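Below, each chain spelled out in residue letters.
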Amino acid sequence: MNTGSDEAAESESVAATTGDGAKTEPALGSRAPEFIKARRALHLSWQVGVFVAGLAVVVAGVIMLPLPGPGWLVIFGGMAIWATEFVWAQLVLRWTKRKVTEATQRALDPAVRRRNIILTSVGVVIIAVLVAIYVWKFGFEMPWKIKE
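Residues numbered from 1 in each chain as written. Predicted model: local features only at pLDDT ≥ 70, side-chain atom pairs only at ≥ 80, totals over all residues. Heavy atoms only, no water.

Caption draft 1: Representation of the environment of V92 in the model. For V92, the location among the structural elements is in helix α5 (residues 87–107). Residues V92 and A80 lie 12 residues apart in sequence; the distance between their C-alpha atoms is 9.6 Å. (Helix = DSSP H or I, 4+ residues; strand = E, 2+ residues; numbered from the N terminus.)

See below:
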């Protein structure tokens, strides 16, 4: 339900695209509802709540880094929560998205894919040779079951 004028919505949609149809990044700043932004105390408490929620998610992600779980994914989720309210988090998230996109484009390069396939194949051959040497020397028994 939008009680404001349509001019704000039009300016936001114009900011999202350029004349040639290419999309630009959305404007930085708080995405809190207008009635919250209008009251300083309410906006400050909103920011504290967003910060605490984002901090809890980021801390959970940091805990998941050495433990089983999607640590980095959860950390980026916490950054996305912070990015709804804080400009510094929006800038960090934009930088991260740009770097991930660049890495994806590099990984999809045919020469890089060919190199990765060759390196993986060499690694698999080395591991197969090591396993064959182990089986030849010790048989199929595990080391902790070898009789003296």
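Caption draft 2: Representation of the nonpolar core. The biggest cluster of nonpolar side chains holds eight residues, and these are V50, V58, M79, W82, A83, F86, A89 and L93. Where this core is concerned, the elements lending two or more residues are α3 (40–64), α4 (71–83) and α5. (Core = buried A, V, L, I, M, F, W, Y, C linked by side-chain atoms within 4.5 Å. Buried < 20%, exposed > 50% of the residue type's maximum accessible area, 1.4 Å probe, protein only.)

Caption draft 3: Structural context of helix α6 (residues 110–138). Between its first and last C-alpha, α6 extends 42 Å over 29 residues, near the 42 Å set by a 1.5 Å rise per residue. Just past α6, the residue G139 takes up positive phi, approximately 80°. (Expected span 1.5 Å × (residues − 1).)

Caption draft 4: Structural view of the packing of α3 against α4. Close contact between α3 and α4 brings their axes to 7 Å; oriented N to C, the two are set at 170°. One way to sum up the angle between α3 and α4 is to call them roughly antiparallel. Contact with α3, carried on its side by V50, F51, A53, G54, L55, V57, V58, A60, G61, V62 and M64, involves G71, V74, I75, G77, G78, M79, I81 and W82 of α4 and no other residues of that element. (Axes fitted to C-alpha atoms, helices over the stretch in contact; angles between N-to-C directions. Parallel < 35°, antiparallel > 145°, perpendicular 65-115°, else oblique. Contact = heavy atoms within 4.5 Å.)

Caption draft 5: Representation of the pattern of salt bridges. Applying the stated rule across the entire model yields one salt bridge. Between E102 and K99 there is a salt bridge; the shortest N-O distance is 3.7 Å. Residue E102 and its partner K99 are both found in helix α5; the two are separated by three residues, about one turn of the helix. Relative accessible area serves as the criterion here: at 34%, E102 is assigned to the partly exposed category. Taking relative accessible area as the criterion, K99 reaches 38% and is therefore assigned partly exposed. (Salt bridge = Lys/Arg side-chain N within 4 Å of Asp/Glu carboxyl O.)

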